[in-house]
Amino acid sequence: MNRVRETGTPKVLGDDAALDTIEDTDLDTSHGPILYLEDVTVSFDGFKALNGLTLYIDDGELRCIIGPNGAGKTTMMDVITGKTRPDKGTVYFGQIIDLLQLDEPDIAQAGIGRKFQKPSVFEQQTVYENLELAMHTDKRVWPTLFAKLSGEQRDGIAEVLQLTGLTEQRNQRAGALSHGEKQWLEIGMLLMQKPKLLLVDEPVAGMTRQEIERTAELLLALEGKHSVVVVEHDMEFVRSIARKVTVLHEGAVLTEGHMKEVQRNPKVIEIYLGA
Ligand SMILES: Nc1ncnc2c1ncn2[C@@H]1O[C@H](COP(=O)(O)OP(=O)(O)OP(=O)(O)O)[C@@H](O)[C@H]1O
Ligand SMILES: [Mg+2]
């Protein structure tokens, strides 16, 4: 059954002038969900990577998405971030922002951050400088970087350093960090832009067990402040952070619920967990 969005007029934002009009108040989540995907279909040469996908993410929720290779998990993130356009369906951010009307930079600007698997930090800069750079989405202000920060900006960086566990490494070059630390720094860089919704695709791939546990703590600490969608194959990790879990299969939702229920579901065992 579809969740109802009450506002009838979508915000159409085609140019920069229109984008300037996106205010926090536009992101109306008063009815619960921050993200609505309804009946979304994506075809690649006739093959349906997403096939009538309907999914809702609540404001402040931490949602795990699992499913076999090729289920459409990354394609779903591509649709939300504007990288891939669906053939049909609707995608709303809050009640009134129609994401299908926005391009990738505008979607990021509207408050959706995405973490790709490979960390892309500035290796030559320190951890602190990376966070500072991430604060400035407008590349035109880069020449004025490392000028004096306001107290509020410094507090923001300190908060993210603490959250990501990188306070001690703040003056280290990012290139000298471990794989796990780079991943946390990149999450930290996304957080500097204060995203409402954070999409994280396979965050713990290549991490040690200890790094995985630390990543779980980090994502759990975001709950309530940001909505977070995590795609991951590592079931031990998923179990450690899972609230509601969605299982994707062949481009649609196979089942959704608490991890315990999902793990017992015979269909899920057959197509995924039993493999
Ligand atoms: N640009 C593309 N062109 C053609 N086919 C694509 C494209 N992107 C994805 N696909 C196909 O769509 C299907 C879904 O891919 P997707 O990457 O979304 O799966 P996934 O659930 O993220 O899988 P994994 O767990 O392996 O990352 C796959 O069969 C894939 O080969
Ligand atoms: Mg994928």
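Note that the coordinates shown come from a computational prediction; the quantities given were computed from them, not determined experimentally.

Asker: Mind showing me how you'd approach the overall build of the protein chain here?
Answerer: Secondary structure summary: the protein chain contains 10 helices and 10 strands in total. In the protein chain, which comprises 275 residues, the share counted as buried stands at 38%. Residue pairs at least 24 apart in sequence account for 69% of intrachain contacts in the protein chain once pairs closer than 6 positions are excluded.

Asker: So what exactly am I meant to see when it comes to the site of ligand 1 here?
Answerer: Around ligand 1, the neighbouring residues are Phe44, Ala49, Gly67, Asn69, Gly70, Ala71, Gly72, Lys73, Thr74 and Thr75. Tallying contributions element by element places helix 2 (residues 73-80) first for the shell around ligand 1, with three residues. Taken together, the residues that form the shell around ligand 1 break down as three nonpolar, six polar and one charged.

Asker: Explanation requested: unusual backbone geometry in the structure shown.
Answerer: Comment: phi is negative for the bulk of residues other than glycine, and the bulk of peptide bonds are trans. Phi at Glu202 is positive, roughly 50°, even though this residue is not glycine. Positionally, Glu202 belongs in the loop between strand 7 (197-201) and helix 7 (209-222). According to the C-beta neighbour criterion, Glu202 is partly exposed, with 17 such atoms within 10 Å. A positive phi angle, close to 50°, is found at Glu250, a residue other than glycine.

Asker: What am I meant to see in the sheet that holds strand 6 (residues 112-115) here?
Answerer: Sheets are built from strands paired through backbone hydrogen bonds, the pairs being either parallel or antiparallel. Ordered by their spatial adjacency, six strands build an open sheet running 6-7-8-3-9-10, and the pairing between neighbours is mixed. Among the strands making up the open sheet, the edge pair consists of strand 6 and strand 10 (252-258). On average, adjacent strands in this sheet sit at an angle of 20° to one another, irrespective of strand direction. Note that strand 6 and strand 7 share four bridges and pair parallel. Within strand 7, the residue paired with Ile112 across the bridge is Leu197. Along the sheet, helix 10 (residues 266-273) contacts strand 3 (62-66), strand 9 (244-249) and strand 10; its crossing angle with strand 10, the most-contacted strand, is approximately 120°.

Asker: Hey, could you run me through the packing of helix 4 (residues 127-135) against helix 5 (residues 151-164) in this one?
Answerer: Packed helices, taken two at a time, are described by the angle between their axes plus the distance between the axes. Viewed as axis vectors pointing N to C, helix 4 and helix 5 meet at an angle of 120°, and their least axial separation amounts to 10 Å. Classed by the angle they form, the pair helix 4 and helix 5 counts as oblique. The handedness of the crossing between helix 4 and helix 5 comes out as right-handed. Across the interface between the two elements, Tyr128, Leu131, Glu132 and Met135 from helix 4 touch Gln153, Ile157 and Val160 from helix 5. Here the residues of the contact of helix 4 with helix 5 are counted per class, giving five nonpolar, one polar and one charged.

Asker: Could you clarify how one ought to interpret the pairing of strand 7 in this entry?
Answerer: For a regular strand, the rule is simple: side chains alternate between the two faces of the sheet. Counted residue by residue, strand 7 has four buried out of five residues, so it is predominantly covered. Pairing of strand 7 with strand 8 (residues 227-231) involves five bridges; the strand directions are parallel. Within strand 8, the position partnered with Leu199 by the bridge is Val229. A crossover connection joins strand 7 to the parallel strand 8 through helix 7; in handedness this β-α-β unit is right-handed.

Asker: What's the story with helix 7 in this structure? I'm lost.
Answerer: Each α-helix turn comprises 3.6 residues. Residues three or four places apart therefore point the same way. The end-to-end C-alpha distance of helix 7 is 20 Å, a good match for the 20 Å that 14 residues give at a rise of 1.5 Å each. The complete set of buried residues in helix 7 reads Thr215, Ala216 and Leu219. Projection of helix 7 onto a plane perpendicular to its axis shows the buried side chains occupying an angular sector of 105°, all on one side. Residues of helix 7 that are exposed and angled more than 90 degrees away from the buried face: Gln210 and Glu217. If you follow the buried residues of helix 7, they end up packed against strand 3, strand 8 and helix 8 (235-241). In the stretch just after helix 7, Gly224 is the one whose phi turns positive, near 90°.

About the criteria used
For every chain, the first residue of the written sequence is number 1, and numbering continues from 1 along that sequence. Chains and ligands are labelled by the order in which they are written, letters from A for the one and numbers from 1 for the other. With the structure being a predicted model, the display of local features is reserved for residues of pLDDT at least 70 and the display and counting of side-chain atom pairs for 80 or more, all residues being used for whole-chain, interface and lining totals. Each helix is a run of DSSP H or I of at least 4 residues and each strand a run of E of at least 2, with the numbering of both proceeding from the N terminus. Partly exposed residues are those whose C-beta has more than 12 but fewer than 20 other C-beta atoms within 10 Å; 20 or more makes a residue buried and 12 or fewer makes it exposed, with C-beta atoms placed from the backbone. A pair of residues counts as a contact when their C-beta atoms, built from backbone coordinates, are within 7 Å of each other. Only the C-beta atom, placed from the backbone, is used; a residue is near a molecule or strand if that atom lies within 6 Å of it. Three classes are used: nonpolar for Ala, Val, Leu, Ile, Met, Phe, Trp, Tyr, Cys and Pro, charged for Asp, Glu, Lys and Arg, and polar for all others, with Gly counted as polar. Pairing between strands requires that DSSP locate at least two bridges from one strand to the other. For every element, the axis is a line fit to its C-alpha atoms; helices are fit only across the contacting stretch, and the angle between N-to-C directions ranges from 0 to 180 degrees. The cut-offs work like this: below 35 degrees is roughly parallel, past 145 is roughly antiparallel, 65 to 115 is roughly perpendicular, and the gaps in between are oblique. In this scheme, a crossing is called left-handed if the near helix is turned counterclockwise away from the far one by less than a right angle; it is called right-handed if the turn is clockwise. A crossover counts as right-handed when, viewed with the strands pointing away from the observer, the path leading from the first strand over the helix to the second turns clockwise. The span you would expect from a helix comes to 1.5 Å times its residue count less one. Note: the arc covers the axis-to-C-beta directions of the helix.

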